[in-house]
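Each chain is listed here by its residues.
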Amino acid sequence: KVLLLSIEGVISPGRTPSPPRFPIGRDEPPPLLSRIKEELKRAEEDKKIKAVVLRINSPGGSVTASDILYHELVDFKRKTGAKIVASFMDVGASGAYYAALAADRIVAHPTAVTGSIGVLMLHFNVQGLLEKIGVEATVVQSGDKKGMGLPFHTLSPEEREILQEMTADFHERFIALVAERRKGLALEDVKAMADGRVFTAKKAKELGLIDGVGYLEDAVELV
């Protein structure tokens, strides 16, 4: 048997908010990580399953969720000896590419985009808006850096430096994992392309980020 696993949408620890689309009386599907973990657990019990095709259509998601997904896939391979082939559909970028590094081979649809080897943190400053509507936010905190992520003030140079250092640490981990898993790519090669840009399937193949360009059936045939 070949197990087909689908990873679609934003990779997050919980449910991704979406417009109501399920009939009344039916539950929404479980969170992505919970579903993947459960499916892999059931697959471990089926000794006829010798391989997995990982169908991915995702722009990525949180750092931790992507890392957990990668870990679950690697752990499944360790326990079962099964092979994994990842197949990118429209997009397999950022955290989705991170998770796909657990696969033995990566194939991308001819019109897919991938890469986006990078990390970002988003900070909103709503102070001006609150002042316009007459709302004042008062924060009581135990330390002067405790509330640096709150959207009620502009980041100071020191706070920005702290967040930049955290982002750089996560980025270095991502880069090191790509260099480790993509044989033939040196660390310096990965650093040169790890500025967050996305690549077409053709370009990603030329750079060594994926192993082939093809359709889902080609991934099945490969595995």
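Residues numbered from 1 in each chain as written. Predicted model: local features only at pLDDT ≥ 70, side-chain atom pairs only at ≥ 80, totals over all residues. Heavy atoms only, no water.

1. A closer look at helix H1 (residues 32–45)
An α-helical segment advances 3.6 residues per turn. Residues three or four places apart therefore align on the same side. Stated formally: Counting from the N terminus, the helices are the DSSP runs of H or I reaching at least four residues and the strands are the DSSP runs of E reaching at least two. In a helix, the anticipated span is given by 1.5 Å times the number of residues less one. Throughout this description, buried means an accessible area under 20% of the type-specific maximum (1.4 Å probe, protein chains only), exposed means over 50%, and partly exposed covers the range between. Working note: the arc is built from the helix axis to C-beta atom directions. A contact between two residues is defined here by any heavy atoms of the two lying within 4.5 Å.
Across its 14 residues, H1 extends 20 Å between first and last C-alpha, which sits within 8% of the 20 Å expected from 1.5 Å per residue. Among all positions of H1, only Leu32, Leu33, Ile36, Leu40 and Ala43 are buried. Each buried residue of H1 sits inside an arc of 95° when the element is viewed along its axis, so together they form one side. Facing away from the buried surface of H1 by more than 90 degrees, the exposed residues are Arg42 and Glu45. Buried residues in H1 make contact with strand E1 (2–8) and helix H2 (63–80).

2. Thoughts on the side chain of Asp75
What counts is decided by this rule: Think of a polar contact as two N or O atoms within 3.5 Å of one another; within protein, one of them needs to be a possible hydrogen donor and the other a possible acceptor, and neighboring residues in sequence only count if both atoms come from side chains.
Here Asp75 is to be found in helix H2. Engagement of the side chain of Asp75 in a polar contact is seen with the side chain of Arg78, the distance being 2.6 Å.

3. As for the nonpolar core
Let me state the cut-off plainly: Residues enter a nonpolar core if they are buried and are Ala, Val, Leu, Ile, Met, Phe, Trp, Tyr or Cys, with the set joined through side-chain atoms within 4.5 Å.
Core analysis: the biggest nonpolar cluster contains 48 residues, and Phe88, Tyr97, Val178 and Leu209 have the highest contact counts within it. When neighbours within four sequence positions are excluded, Phe88 is seen to be in contact with Ile56, Ala96, Tyr97, Ala100, Ile106, Val107, Ala108, His109, Ala112, Thr114 and Ile210.

4. Some words on the environment of Leu73
With respect to the helices and strands, Leu73 occurs in helix H2. Residue class for Leu73 comes out buried when judged on its relative accessible area of 1%. Through-space distance from the C-alpha of Leu73 to that of Ala100 is 8.9 Å; in sequence the pair is 27 residues apart. For Leu73, the residues in contact, after removing those within four places along its chain, are Leu5, Leu40, Leu54, Ile84, Ala99 and Ala102.

5. What about the side chain of Glu72?
Among the secondary structure elements, Glu72 is positioned in helix H2. Glu72 has contacts with Lys37 and Leu40, leaving out every residue within four places of it along the chain.

6. A look at the confidence of the model for the protein
The line we're drawing: Each residue carries a pLDDT score, the predictor's confidence in it, ranging from 0 to 100.
Of all residues in the protein, 92% attain a pLDDT of 70 or more, and the chain-wide mean is 88. Highest mean pLDDT in the protein belongs to strand E4 (residues 105–108) (98); lowest belongs to helix H4 (residues 127–132) (75).

7. Brief notes about the packing of aromatic side chains
Selection criterion: Ring pairs shown here join Phe, Tyr and Trp side chains whose ring centres sit within 6.5 Å, with only the six-membered ring taken for Trp; geometry is labelled stacked below 30 degrees between planes, edge-to-face above 60, and tilted in between.
What the rule picks out here adds up to three aromatic pairs. An angle of 80° between the planes, with centres 5.9 Å apart, marks the rings of Tyr70 and Tyr98 as edge-to-face. One end of the pair, Tyr70, is in helix H2; the other, Tyr98, is in helix H3 (residues 95–100), with 28 residues separating them in the sequence. Neither residue differs from the other here; Tyr70 and Tyr98 are each classed as buried. For the ring pair Phe88 and Tyr97, a centre distance of 6.3 Å and an interplane angle of 50° mean the geometry is tilted. As far as burial versus exposure is concerned, Phe88 and Tyr97 are alike and both buried.

8. Considerations on the packing of H2 against helix H5 (residues 157–181)
To keep things clear, this is the line we draw: Helix axes are fitted to C-alpha atoms over the stretch in contact, other axes to C-alpha atoms as well, and angles between N-to-C directions run from 0 to 180 degrees. In this scheme, roughly parallel covers angles under 35 degrees and roughly antiparallel covers those over 145, while 65 to 115 is roughly perpendicular and the rest are oblique. Here a crossing is called left-handed whenever its near helix is offset anticlockwise from the far helix by less than a right angle, and right-handed whenever the offset is clockwise. Residues are grouped as follows: nonpolar covers Ala, Val, Leu, Ile, Met, Phe, Trp, Tyr, Cys and Pro; charged covers Asp, Glu, Lys and Arg; every other residue, Gly included, is treated as polar.
Relative to each other, H2 and H5 sit at 25°, their axes nearing to 12 Å. In terms of axis orientation, H2 runs roughly parallel to H5. H2 and H5 meet at a crossing whose hand is left-handed. Together, Val63, Asp67, Tyr70 and Lys77 of H2 and Phe170, Arg173, Leu177 and Arg181 of H5 make up the contact between the two elements. Here the contact of H2 with H5 is built from residues that sort into four nonpolar, no polar and four charged.

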